[in-house]
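Overview (structure and organization)
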Amino acid sequence: MGIDRLTGNQYSNLGVVYGLQSQYGKAIDFYEKSLEICLRLGNQKTTANTYGNLGDAYIGIGNYTAARTMFHKAVEIMTSMGDEGGVALTNGNLGFICQSEGDAKQAIAFYKQALTVLERIGDKYNSARFNNNVGLLYYDLGQSVEARIHLLKAQKLYQIVGDNQGVWKTTQELQRL
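Note that the structure is a prediction, hence the values are computed from the model and not measured.

**Observations concerning the overall build of the chain**
Along its length, the chain carries 9 helices and 0 strands. Secondary structure elements in the chain, listed N-terminal to C-terminal, are α-α-α-α-α-α-α-α-α. For 177 residues, the compact-globule formula gives about 16 Å, and the C-alpha radius of gyration of the chain, at 18 Å, lands near that figure. Taken over the C-alpha atoms alone, the chain extends approximately 55 × 30 × 30 Å along its principal axes.

**A closer look at the nonpolar core**
In terms of nonpolar packing, the biggest core is built from 37 residues, with Leu 54 and Tyr 58 touching the most fellow members. With 9 residues, the single largest contributor to this core is helix 6 (residues 104–121). The residues contacting Tyr 58, other than those within four sequence positions of it, are Ile 28, Glu 32, Asn 63, Ala 66, Ala 67 and Met 70.

**A word on the pattern of salt bridges**
Per the stated rule, a full pass over the model turns up 2 salt bridges. For Arg 68, the salt bridge is made with Glu 101, and the minimal N-O distance between the two is 2.6 Å. Residue Arg 68 is located in helix 4 (residues 64–81), and its partner Glu 101 is located in the loop between helix 5 (84–100) and helix 6; the two are separated by 33 residues in the primary sequence. Here Arg 68 falls in the partly exposed class, since its relative accessible area comes to 24%. Taking relative accessible area as the criterion, Glu 101 reaches 42% and is therefore assigned partly exposed. Across the pair Glu 84 and Arg 120 runs a salt bridge, and its minimum N-O distance is 2.1 Å. Taken together, the residues span a long stretch of sequence, with Glu 84 in helix 5 and Arg 120 in helix 6 at a distance of 36 residues.

Rules used throughout
- Residues numbered from 1 in each chain as written.
- Predicted model: local features only at pLDDT ≥ 70, side-chain atom pairs only at ≥ 80, totals over all residues.
- Heavy atoms only, no water.
- Helix = DSSP H or I, 4+ residues; strand = E, 2+ residues; numbered from the N terminus.
- Rg over C-alpha atoms; globule rule 2.2 N^0.38 Å.
- Core = buried A, V, L, I, M, F, W, Y, C linked by side-chain atoms within 4.5 Å.
- Buried < 20%, exposed > 50% of the residue type's maximum accessible area, 1.4 Å probe, protein only.
- Contact = heavy atoms within 4.5 Å.
- Salt bridge = Lys/Arg side-chain N within 4 Å of Asp/Glu carboxyl O.

Right, here's the structure in full:
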């Protein structure tokens with residue numbers, strides 16, 4: 001069992017390495033091997049993380065359907081474990097998929113679900129990112145007041161966490177309004 005866990009971790013680590021190199025097909029292969037071991041061992045946390053990693057890799061190859069499936073499986077497990085932060089970040093990934101597919105309203109819904117949790121648990125960095133995304137989506141929908149509200153929130157949160165690039169980027173976006 002210990003060897004299996006180490007092997008599963010090694011497969012997952014190789015998936016990460018290949019993903020960072022944008023070799024998503026190889027990353028998927030290693031994540032699937034890792035997932036097989038995780039499922040056999042019954043490790044819920046690692047299984048959920050592996051589903052999330054698979055979702056990210058599927059996004060990398062543009063397979064949003066497979067990515068969505070992986071993220072929903074991750075959310076199901078994370079919810080059963082009470083991992084609110086993980087659920088929030090994965091909902092953000094689902095928002096990204098909707099945003100990429102041009103479904104702004106559904107993307108906003110996923111991001112707002114995530115923001116509710118992220119703000120409650122004090123995750124300022126990801127709150128900034130998701131507020132920025134929501135602001136841009138509202139801008140695309142022609143709702144400049146809502147866009148400004150979320151971009152200003154993002155800008156303030158980026159300042160709090162010391163992300164100067166985020167502050168600069170959001171300032172540029174605010175100037176477009």
